[in-house]
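Structural features, examined
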Amino acid sequence: MIEHMVLLKFYQETTEEQKDELIRRTLLLKNVIPGIVDIQQGVNFSNRSQGFEMGLTVRFEDRTSLENYGPHPAHQEVFSYLKEIGLKDSIIVDFEI
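Cut-offs and rules
- Residues numbered from 1 in each chain as written.
- Predicted model: local features only at pLDDT ≥ 70, side-chain atom pairs only at ≥ 80, totals over all residues.
- Heavy atoms only, no water.
- Helix = DSSP H or I, 4+ residues; strand = E, 2+ residues; numbered from the N terminus.
- Expected span 1.5 Å × (residues − 1).
- Buried < 20%, exposed > 50% of the residue type's maximum accessible area, 1.4 Å probe, protein only.
- Arc of directions from axis to C-beta.
- Contact = heavy atoms within 4.5 Å.
- 1 Å grid on protein atoms, 1.4 Å probe; cavity = no way out; pocket = protein on both sides within 12 Å on 5 of 7 lines; lining within 4 Å.
- Points joined across faces, edges and corners; volume = space filled by probe spheres on them.
- Nonpolar A, V, L, I, M, F, W, Y, C, P; charged D, E, K, R; others polar.
- Patch = residues over 30% accessible without salt bridge, like charges linked within 9 Å, V, L, I, M, F, W, Y side chains within 5 Å.
- Areas by Shrake-Rupley, 256 points an atom, 1.4 Å probe, with all protein chains shown as cover.
- Salt bridge = Lys/Arg side-chain N within 4 Å of Asp/Glu carboxyl O.

Focus: helix α1 (residues 16-27)
Given a rise of 1.5 Å per residue, twelve residues ought to cover 16 Å, and the 17 Å separating the end C-alpha atoms of α1 matches this to within 8%. Looking only at α1, the buried set comprises Lys 19, Leu 22, Ile 23 and Thr 26. Around the axis of α1, the buried residues are gathered within 95 degrees of arc, so they sit on the same side. Elements that come into contact with the buried residues of α1 comprise β1 (2-10), β2 (36-43), β3 (54-60) and α3 (73-85).

Notes on the layout of surface pockets
Put simply, the largest pocket is a space of about 230 Å³. If you go around the largest pocket, you meet 16 residues; those closest to its centre are Val 6, Leu 56, His 75, Phe 79 and Leu 82. Taken together, the residues of the lining of the largest pocket break down into eleven nonpolar, five polar and no charged.

Regarding a nonpolar patch on the surface
A cluster of nonpolar residues, Met 1, Met 5, Leu 7, Val 37, Ile 91, Val 93, Phe 95 and Ile 97, forms a patch on the protein surface that exposes about 630 Å² of accessible area. Counting residues per element, the ones that place at least two in the nonpolar patch are β1 and β4 (87-96). Take the nonpolar patch: its biggest share by element is three residues, from β4. Note on Val 37: relative accessible area 34%, which makes it partly exposed.

Distances and angles like these do not, on their own, reveal function.
See the structure below:
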C-alpha cells in the first residue's frame, strides 16, 4: 500500500467556506477514483505546522493507483478548485506502508 500525504498553505484571502468546500470535494474522490483505500482531510490545529493549514492523506492499493490518481479528471477538478481558492504552497510525501 501507498500513503500519500499533502500539506496545504493558503493565501490570507481564502475563506473558511472555501476550505470546507475543498474538503467536501476531496473526500468524494474515494467514490470516483479506483485504487483509493481511504482518504482523510482536515484543518490543522497544531502550532508546529510552519504555516501549513490543512492536511490530506490518501491511502492507495499500490503505486499504479497513485500514478493514476494525479491525472484523473476528478482529481484535476479538485486541484483546479484548490488553485482557484488560493493555494500558496504545498508539501507532498509518498511512501510505502
